[in-house]
Amino acid sequence: MKFSKSLFIRLFWFVVGGVLSIGVNIGLFRLFESGFGWNHYVAYALSLAIVNVLLFLWNYVVGFKSDRHWTDAAWRQGVCLGVANGLNYALVMILQGLFPQWPGWTLSLVAAANPGWVHLLPRISEAIIAAVQVFIAFFKFGLYHYWVYAERTPTPDAVQARPAS
């Protein structure tokens, strides 16, 4: 299997966007849930929606530069995001329901070692969000690279129709 240079460039920018989006998603979720006191489900749905708009712009402009018109890419990304977000939302809500708090013994160990570090630990709900986003990113990258922003290969007719240099 031969990998193109563009695959690695796209992967690099996808990872950069993904890392940034995890931070933004967790930050928005924390703001909506803890800062505004919104319902857990609404807070995550809104943070996920905002991050998706930002990621569409990032992927179209930076990560997967394409000669396709943005509307062609948008409907494909919409389908991809519909499936990915449904899976993301379901997994996050299920896992956050199964693991509602950090285990008390873990927090006690950290507090005993250095009480100043306790506030630096991510809450379990935030760790779950990050883990699910990383898990789903593998599928999204494949869909983005090969379908949403697929590179067009010239047809034999188009190659023959080019004037000789």
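The preceding data block contains the structure.
Here we summarise the structure given alongside this text. Throughout, a residue's number is its position along its own chain's written sequence, starting from 1. Local features in this predicted model are restricted to residues whose pLDDT is 70 or higher, and side-chain atom pairs enter the listing and the counts only when it is 80 or higher, whereas totals over whole chains, interfaces and linings include all residues. In computing side-chain values, all of the structure's heavy atoms are included and hydrogens and water are not.

Moving on: a nonpolar patch on the surface. Here the term patch refers to residues with relative accessible area over 30% and no salt bridge, with like charges joined within 9 Å and nonpolar side chains (Val, Leu, Ile, Met, Phe, Trp, Tyr) within 5 Å. Each accessible area value is a Shrake-Rupley result obtained with a 1.4 Å probe; residue values ignore everything except the protein chains displayed when judging cover. A side-chain nitrogen of Lys or Arg and a carboxyl oxygen of Asp or Glu constitute a salt bridge if their distance falls within 4 Å. On the surface, Val24, Leu31, Phe36, Trp38, Val42, Leu46, Ile50 and Leu54 cluster together into a nonpolar patch covering about 650 Å² of accessible area. Starting at the N terminus, helices and strands are each numbered in turn, a helix being any DSSP run of H or I of at least four residues and a strand any DSSP run of E of at least two. Put simply, the parts of the chain that give the nonpolar patch at least two residues each are helix 1 (5-35) and helix 2 (40-63). In terms of residues, the nonpolar patch owes the most to one element, helix 2, which gives four residues. Along the chain, leucine 46 falls in helix 2. The buried label applies to any residue whose accessible area, calculated with a 1.4 Å probe on protein chains only, is under 20% of its type's maximum; exposed applies above 50%, and partly exposed to all values in between. Looking at leucine 46, the relative accessible area reads 31%, which means it is partly exposed.

Here the nonpolar core consists of buried residues drawn from Ala, Val, Leu, Ile, Met, Phe, Trp, Tyr and Cys, with membership extended through side-chain atoms lying within 4.5 Å. In this structure, Ile26, Phe29, Tyr44, Val92, Ile129 and Val132 are the most contacted members of the largest nonpolar core, which totals 19 residues. Of all the elements in the fold, those that place two or more residues in this core are helix 1, helix 2, helix 3 (70-98) and helix 5 (124-148). Ranked by residue count, the leading element in this core is helix 5, at six residues. When checking whether two residues touch, look at their non-hydrogen atoms; a contact exists if any pair is within 4.5 Å. Setting aside chain neighbours within four positions, we find isoleucine 26 in contact with Glu126, Ile129 and Ala130. Residues Leu7, Leu81, Phe141 and Val148 belong to the second largest nonpolar core, which totals 11 residues.

A few words now on the layout of surface pockets. Roughly 380 Å³ of internal volume is contained in the largest pocket. In the cavity and pocket records, a cavity denotes points on a 1 Å grid over the protein atoms alone where a 1.4 Å probe fits but cannot get out, a pocket denotes an open set with protein on both sides within 12 Å along at least 5 of 7 lines, and lining residues are residues with an atom within 4 Å of a point. Lining the largest pocket are 23 residues, and of these Phe14, Gly18, Gln133, Val134 and Ala137 sit closest to its centre. Under the scheme applied here, ten amino acids are nonpolar (Ala, Val, Leu, Ile, Met, Phe, Trp, Tyr, Cys and Pro), four are charged (Asp, Glu, Lys and Arg), and all others, including Gly, are polar. Considered class by class, the residues forming the lining of the largest pocket number 14 nonpolar, eight polar and one charged. Grid points are joined across faces, edges and corners, and a volume is the space filled by probe spheres set on the points.

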